[in-house]
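Survey of secondary and tertiary structure
Take a look at the letters that make up each chain.
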Amino acid sequence: NGSGKTFFLTELINNLLAEWINPKAKIGFFTQDVISEVNNSKKVGDEIKKSTVFDETTTRQLLGDLHLGNCLNISVSSLSGGQLVCYKLAQILLGEHNMLILDEPDNFLDISSITALTSFLKNYPFSVIIVTHDKSIINELNFPKWQIAKGKLLLPNAASKDTNAELSLLRYKRDEMMADTSIPISQIQEMSKQIAELEKEQK
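The paragraphs below set out a description of the structure included in this document. (Residues numbered from 1 in each chain as written. Predicted model: local features only at pLDDT ≥ 70, side-chain atom pairs only at ≥ 80, totals over all residues. Heavy atoms only, no water.)

Along the chain, the regular secondary structure elements total 8 helices and 5 strands. In sequence order, the secondary structure elements of the chain are arranged as α-β-α-α-α-β-α-β-α-β-β-α-α. Relative to its length of 203 residues, the chain is extended, with a C-alpha radius of gyration of 23 Å against a globular reference of 17 Å. A burial count over the chain gives 37% of its 203 residues as buried. Restricting to contacts in the chain with at least 6 residues of sequence separation, those with at least 24 account for 67%. (Helix = DSSP H or I, 4+ residues; strand = E, 2+ residues; numbered from the N terminus. Rg over C-alpha atoms; globule rule 2.2 N^0.38 Å. Buried < 20%, exposed > 50% of the residue type's maximum accessible area, 1.4 Å probe, protein only. Contact = heavy atoms within 4.5 Å.)

Okay, structure coming up:
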């Protein structure tokens, strides 16, 4: 939390990181901000039907999985806060996009909805970037993992190389400290603790 994930995604979709985005990309960006929907008096079913590019079976299945199946004939503005999040998520997932950017879409979902979301994304035919703290989703999707640390985006290989380099440096410093009799044992123990934590992250 607070590492800059949402900031990175916002920069990405606002085309401030142009080298990352193909000009032909049609991005569906999901955030939990539903303020724009609270005054929408149109029916849920009509709005979804207007935006979906999937067949009726897939559309109805996803709406049911997100517990919106019984809400099709009511206005969007009548939905509860949690239902609004699910409605917005359904719109993004079903819309005419070839790239999905999902910022913690699982926060307001129950277990069955999370399972449905994961299944949908595994079969999604285009690109997906998802931010989540749910390790079960991460493991199930098995997407390449990116990490943001210390204000830097680390791609999978880069993250591993960066950790290896840091470990090598810390081990070298510890060896130097152990050879210096003026260094307190507490400092050496603290350095050893940092090394152990990095080694644990690599496993």
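Let us look at the pairing of strand β3 (residues 127-131). For β3, the tally of buried residues reaches 4 of 5 residues, placing the bulk of the element in the interior. When strand β2 (residues 99-103) meets β3, the two strands line up parallel, connected through 5 bridges. Paired with I101 across the strands is I129, a residue of β3. Crossover β2 to β3 through helix α5 (residues 111-122) is right-handed. (Pairing = 2+ DSSP bridges. Right-handed = clockwise from strand over helix to strand, strands pointing away.)

Before going further, it helps to spend a moment on helix α2 (residues 44-51). Inspection of α2 places V44, G45, E47 and I48 among the buried residues, and these make up the whole buried set. Down the axis, α2 shows its buried residues gathered within 165° of arc, on one side only. Residues K49 and K50 are exposed on α2 and point more than 90 degrees away from its buried face. Residues of α2 that are buried sit in contact with α3 (56-65) and α4 (81-94). (Arc of directions from axis to C-beta.)

Attention shifts here to α3. Those residues of α3 lying buried are T59, L62 and L63. Each buried residue of α3 sits inside an arc of 100° when the element is viewed along its axis, so together they form one side. Counted as exposed and oriented over 90 degrees from the buried face of α3: T57 and R60. Considering only its buried residues, α3 is in contact with α2, α4 and α5. Two residues or fewer after α3 comes H67, characterised by a positive phi angle close to 60°.

None of this, on its own, says anything about what the molecule does.
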